[in-house]
Amino acid sequence: MTRAAHADTAALAAELDAADPLAEHTRRFVREGDVVAYLDGNSLGRPLADLPERFSRFIGEEWGTRLIRRWDEAWMRRPFELGDRIGALVGAAPGQAFIGDSTTVLLYKLARAAVEARPGRTEIVIDDDSFPTDRFVVEGIAAERGLTVRWIRVDRAAGATLEQVERAVGERTALVLLCHVAYRSGFVADVPGITAAAHAAGALVLWDLCHSAGVLPVGLDAAGADLAVGCTYKYLNGGPGSPAFGYVRADLQGALEQPIQGWMGAADVFAMAERYEPASGVARFLSGTPPVLATVALEAMVELIEQVGIEAVHAKSLALTDFAEQALAAHVLPLGAALASPPAGPHRGSHLTVAHPSFREVNARLWERGVIGDFRAPDGIRIGLSPLSTTFAEVQTGIAALGEELRRATR
Ligand SMILES: Cc1ncc(COP(=O)(O)O)c(C=O)c1O
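It should be emphasised that the depicted structure is a prediction, and the values quoted were computed from it without experimental measurement. (Residues numbered from 1 in each chain as written. Predicted model: local features only at pLDDT ≥ 70, side-chain atom pairs only at ≥ 80, totals over all residues. Heavy atoms only, no water.)

Caption draft 1: Just the sheet that holds strand β9 (residues 338–339), in detail. Taken in spatial order, the four strands make up an open sheet running β9-β10-β13-β12, and their pairing is antiparallel. Of all the strands in the sheet, the pair left with one neighbour each is β9 and β12 (374–376). With three bridges joining them, β12 and strand β13 (residues 380–384) adopt antiparallel strand pairing. The residue of β13 that forms the bridge with Asp374 is Arg382. The sheet strands contacting helix α11 (residues 310–331) are β9, β10 (351–355) and β13, and the helix crosses β10 at an angle near 20°. (Pairing = 2+ DSSP bridges. Helix = DSSP H or I, 4+ residues; strand = E, 2+ residues; numbered from the N terminus. Contact = heavy atoms within 4.5 Å. Axes fitted to C-alpha atoms, helices over the stretch in contact; angles between N-to-C directions.)

Below you can see the structure in the form of structure tokens.
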């Protein structure tokens, strides 16, 4: 890195922060401690600074004083009310989204329901670089139900394309399960095109929205999507282990039977009935008691995104990735690292991956310096850009440090 390159990108970062219409929001998050650049909001979002008051209110005004009565007063409706608000962020009309279990469990429940709804069809289509839990769930369901997994072989610096899906689906396909944004490269899949291709083959589609919920508009209803699941601890800042949300298109709900039938998904929860009768509507996809306490931080972030608007959040995501690309070109790529993410355009998500054989060791050094991105084997560092909490200066600091540590490691 030359001194001039550093000064150029540092000056640009300062200009971009000064002109950022969302800059004030970056100060609404906890920013204490030794971290100088947090580039991992795509793994675990930062907490909002007002959470101590919110938790205190929850304990004082809800849990502590209303006690069990609060279930009837509010908590029973919470999975659906908050689900509708998250649904709105991903383009779903009310009555189709809900807060449920973990992403993994919801993927299982919805994928399993989908294959049961396509009797006689024997294949599940998924790409071979899907997030591990997605692949493991699909392999488990295939083993359980005697189905075959049809793998789409993808370029790890990109993701599953429409053409690949068109070639993979056919009369045997029961379900296509894909990530909207690839966890490794940040590649954004063509939701309307792929959904239409799967439907033309008579299959259902389940979208994993973990890396898009709260940062990219998804347009589920507009695309005619069938099913979706997304986590809430990344760009929805719900905190470690906060529950996932699910989406089931309204006209499909009555036709699907999920495999974990529990009392919270029953038609009359407190009837204490002898036999399970599924609820009508989206409630049938619940199983056990909703994780209400784990939605307090999530609700705070949903409120903030509603205020700002998902389009504005996405606009800043694009500006951040664009700047990160310039900073990488100035500080890191000249040292032999390679960008392993799509170029700017319709396939770019909110994180970039850069690859080099010494990045495992480089990333460990960066963490010691308070520069937090994440290493993904075999050789990638992901730079996750969470628009409401990340400053351009932070990106500059982090990427300049990445360049310094890479230079040191390869000297
Ligand atoms: C694409 C994707 N799917 C699923 C998960 C995780 O699932 P769970 O929330 O059950 O741990 C992640 C976690 O990073 C992910 O990136």
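Caption draft 2: Here's a closer look at the packing of aromatic side chains. If you walk through the whole model with that rule in mind, you get six aromatic pairs. Between Phe131 and Tyr183, the ring centres sit 5.1 Å apart and the planes meet at 90°, which makes this aromatic pair edge-to-face. With Phe131 in the loop between β3 (123–127) and α6 (132–145) and Tyr183 in the loop between β5 (173–179) and α8 (191–200), this pair connects stretches of sequence that are 52 residues apart. Note on Phe131: relative accessible area 34%, which makes it partly exposed. Judged by relative accessible area, which is 8%, Tyr183 ranks as buried. (Phe/Tyr/Trp six-rings, centres within 6.5 Å; stacked < 30°, edge-to-face > 60°. Buried < 20%, exposed > 50% of the residue type's maximum accessible area, 1.4 Å probe, protein only.)

Caption draft 3: Representation of the nonpolar core within the structure. In this structure, Trp207, Leu209, Leu220, Leu236, Phe245, Ile305 and Leu388 are the most contacted members of the largest nonpolar core, which totals 55 residues. Counting residues per element, this core draws most heavily on helix α10 (residues 296–308), at eight residues. Among the nonpolar cores identified, the runner-up in size contains 33 residues, and Ala111, Ile124, Ala174 and Val248 belong to it. (Core = buried A, V, L, I, M, F, W, Y, C linked by side-chain atoms within 4.5 Å.)

Caption draft 4: Here's a closer look at the site of the ligand. Residues in close proximity to the ligand include Ser102, Thr103, Thr104, Phe131, Thr133, Asp134, Cys179, Asp208, Cys210, His211, Tyr233 and Lys234, which together make up its full environment. Note that a nitrogen atom of the ligand is positioned 2.8 Å from one of the side-chain N or O atoms of Asp208. With respect to the ligand, the side chain of Lys234 contributes an N or O atom lying 2.6 Å from an oxygen atom. The protein chains hide 83% of the 400 Å² of surface that the ligand would expose on its own. When contributions to the shell around the ligand are tallied by element, the ones reaching two or more residues are α5 (103–116) and α6. Its residues assigned to classes, the shell around the ligand shows four nonpolar, five polar and three charged. (Near = heavy atom within 4 Å. Polar contact = N/O pair within 3.5 Å; in protein donor to acceptor, adjacent residues only side chain to side chain. Areas by Shrake-Rupley, 256 points an atom, 1.4 Å probe, with all protein chains shown as cover. Nonpolar A, V, L, I, M, F, W, Y, C, P; charged D, E, K, R; others polar.)

Caption draft 5: Fine view of the pairing of strand β4 (residues 148–152). Where β3 and β4 come together, five bridges link them in parallel fashion. Bridge pairing in β4 places Val125 opposite Arg150. With α6 bridging β3 and its parallel neighbour β4, the resulting β-α-β unit is right-handed. (Right-handed = clockwise from strand over helix to strand, strands pointing away.)

Caption draft 6: Structural context of the environment of Ala222. Relative to the helices and strands, Ala222 is located in helix α9 (residues 220–223). Linking Ala222 and Ala93, residues 129 residues apart in sequence, is a C-alpha distance of 10.0 Å.

Caption draft 7: Helix α4 (residues 78–89), seen in detail. Its 12 residues place the ends of α4 17 Å apart at the C-alpha level, agreeing with the 16 Å of an ideal helix rising 1.5 Å per residue. Residues of α4 that are buried include every one of Arg78, Pro79, Leu82, Gly83, Ile86, Gly87 and Leu89, and no others. When α4 is viewed along its axis, its buried side chains cluster within an angular range of 155° and face the same direction. As for α4, its buried residues are in contact with α3 (69–75), β2 (97–99), β8 (245–248), α10 and α11. Following α4 by one or two positions, Gly91 adopts a phi angle in the positive range, close to 80°. (Expected span 1.5 Å × (residues − 1). Arc of directions from axis to C-beta.)

Caption draft 8: Molecular detail of helix α2 (residues 51–66). If you look at α2, its biggest bend is around 35°, right at Ile59. Among the residues of α2, those classed as buried are Leu51, Arg54, Phe58 and Glu62. Of the residues flanking the end of α2, it is Leu67, one or two places downstream, whose phi is positive at about 50°. (Bend = angle between axes of the 7 residues up to and from the residue.)

Caption draft 9: Quick peek at the sheet that holds β8. What the seven strands build is an open sheet, ordered β2-β8-β7-β6-β5-β3-β4; its pairing is mixed. Each having just a single partner strand, β2 and β4 make up the two edges of the open sheet. Strand after strand, the sheet turns through a mean of 20° between neighbouring axes, direction not considered. Contacts from α5 reach β2, β3, β5, β6 (204–208), β7 (227–230) and β8, with the element oriented near 170° to β7.

Caption draft 10: The arrangement of the pattern of salt bridges in detail. Under the definition given, this model contains 29 salt bridges. Between Glu81 and Arg77 there is a salt bridge, with its nearest N and O atoms 3.1 Å apart. In this structure Glu81 comes out as partly exposed when scored by relative accessible area, which is 44%. Note that Asp128 is salt-bridged to Arg153, the shortest N-O span being 3.5 Å. Of the two residues, Asp128 is situated in the loop between β3 and α6 and Arg153 in the loop between β4 and α7 (162–168); the sequence distance between them amounts to 25 residues. We classify Arg153 as exposed; its relative accessible area is 57%. Look at the salt bridges and you will find they share partners, linking Glu62, Arg66, Arg70 and Glu73 into a network. (Salt bridge = Lys/Arg side-chain N within 4 Å of Asp/Glu carboxyl O.)

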